[in-house]
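Residue-level structural notes
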Amino acid sequence: MIAHTDRVTFLFAKSVAPFMTADFVMRPFTDPIISHLQLVYPHGTLSPAAQRFIHYLTD
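These notes cover the structure that comes with them. Each chain carries its own residue numbering, running from 1 in the direction its sequence is written. At least 70 in pLDDT is required for a residue's local features to be given in this predicted model, at least 80 for side-chain atom pairs to be given and counted, and no such filter applies to totals for whole chains, interfaces and linings, which use all residues. Heavy atoms throughout the structure, all of them, feed into the side-chain values; hydrogens and water do not.

Regarding the overall build of the protein chain
If you tally the helices and strands in the protein chain, you get 2 helices and 0 strands. As defined in this context, the radius of gyration uses C-alpha atoms, and a globule is described by 2.2 Å times the residue total to the power 0.38. Its C-alpha radius of gyration of 16 Å places the protein chain more than 25% over the 10 Å reference for a compact globule of 59 residues. Seen along its three principal axes, the alpha-carbon backbone of the protein chain occupies a region of about 45 × 25 × 20 Å. Each residue's exposure class comes from its accessible area (1.4 Å probe, protein chains only) as a fraction of the maximum for that residue type: buried when under 20%, exposed when over 50%, partly exposed otherwise. Looking at the protein chain as a whole, 3% of its 59 residues are labelled buried. Here the accessible surface of atoms and residues is derived via Shrake-Rupley with a 1.4 Å probe, and residues count as covered only by protein chains that are part of the display. As displayed, the protein chain offers around 6000 Å² of accessible surface, 63% of which is attributable to carbon and sulfur atoms. In the protein chain, the 4 positive side-chain charges and the 4 negative ones have mean positions that sit 7 Å from each other. A helix here means a DSSP run of H or I that spans at least four residues, while a strand means a run of E at least two residues long, and both kinds are numbered starting from the N terminus. In this count, Lys and Arg are taken as positive residues and Asp and Glu as negative ones, while His and the chain termini are left out. Working definition for charges: the position is that of NZ of Lys, CZ of Arg, CG of Asp or CD of Glu.

Okay, structure coming up:
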């Protein structure tokens, strides 16, 4: 649930890890949900920021 609301959100564990504190709890789904993320881009045309983003996703 999001603090001070009656809402919940779905997040990937790796993306939320830097923001986790004792105030937050992660609960996995009983049956895992598998997602296959694909990025499509022309070869050799990525900005440094895009390269860092891909590096973040693949490590």
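Examining the layout of surface pockets
Only protein atoms enter the 1 Å grid used here. Points where a 1.4 Å probe fits but cannot escape make up a cavity, open sets with protein on both sides within 12 Å along at least five of seven lines make up a pocket, and a residue lines them when an atom lies within 4 Å of a point. Grid points are joined across faces, edges and corners, and a volume is the space filled by probe spheres set on the points. Here the largest pocket is characterised by a volume of approximately 770 Å³. Lining the largest pocket are 20 residues, with Thr9, Phe10, Leu11, Met26 and Arg27 sitting closest to its centre. What lines the second largest pocket is Phe12, Lys14, Ser15, Ser35, Leu37, Tyr56 and Leu57. Contributing elements (two or more residues each) for the lining of the second largest pocket: helix H1 (13-16) and helix H2 (48-58). Across the lining of the second largest pocket, the residue classes tally to 4 nonpolar, 2 polar and 1 charged. Only Asp, Glu, Lys and Arg are considered charged, only Ala, Val, Leu, Ile, Met, Phe, Trp, Tyr, Cys and Pro nonpolar, and every remaining residue, Gly among them, polar.

A word on the environment of Met26
With respect to the helices and strands, the residue Met26 is situated in the loop between H1 and H2. Residue class for Met26 comes out partly exposed when judged on its relative accessible area of 42%. Separated by 14 residues in the primary sequence, Met26 and Phe12 have C-alpha atoms spaced 9.9 Å apart. Look past the residues within four positions of Met26 in its chain and what remains in contact with it is Ala13, Val16 and Met20. Throughout, a contact is declared for two residues whenever any of their heavy atoms are within 4.5 Å.

Examining the packing of aromatic side chains
Geometry of aromatic contacts follows a simple scheme: Phe, Tyr and Trp rings, the Trp one being its six-membered ring, pair when their centres are within 6.5 Å, and the pair is stacked under 30 degrees between planes, edge-to-face over 60, tilted otherwise. Counted under the stated rule, the structure contains 0 aromatic pairs. Whether a charge lies above a ring is judged from NZ of Lys or CZ of Arg, which has to be within 6 Å of the ring centre and within 35 degrees of the ring normal. One cation-aromatic arrangement involves Lys14 over Tyr56; the distance from NZ or CZ to the ring centre is 5.2 Å.

Some remarks on a nonpolar patch on the surface
To count toward a patch, a residue needs a relative accessible area over 30% and no salt bridge; like charges are then connected within 9 Å, while nonpolar side chains (Val, Leu, Ile, Met, Phe, Trp, Tyr) are connected within 5 Å. We count a salt bridge whenever a side-chain nitrogen from Lys or Arg sits within 4 Å of a carboxyl oxygen from Asp or Glu. Nonpolar side chains collect at one region of the surface, where Leu37, Leu39, Tyr41, Phe53, Tyr56 and Leu57 lie side by side and expose about 590 Å² of accessible area between them. Here Leu39 is to be found in the loop between H1 and H2.

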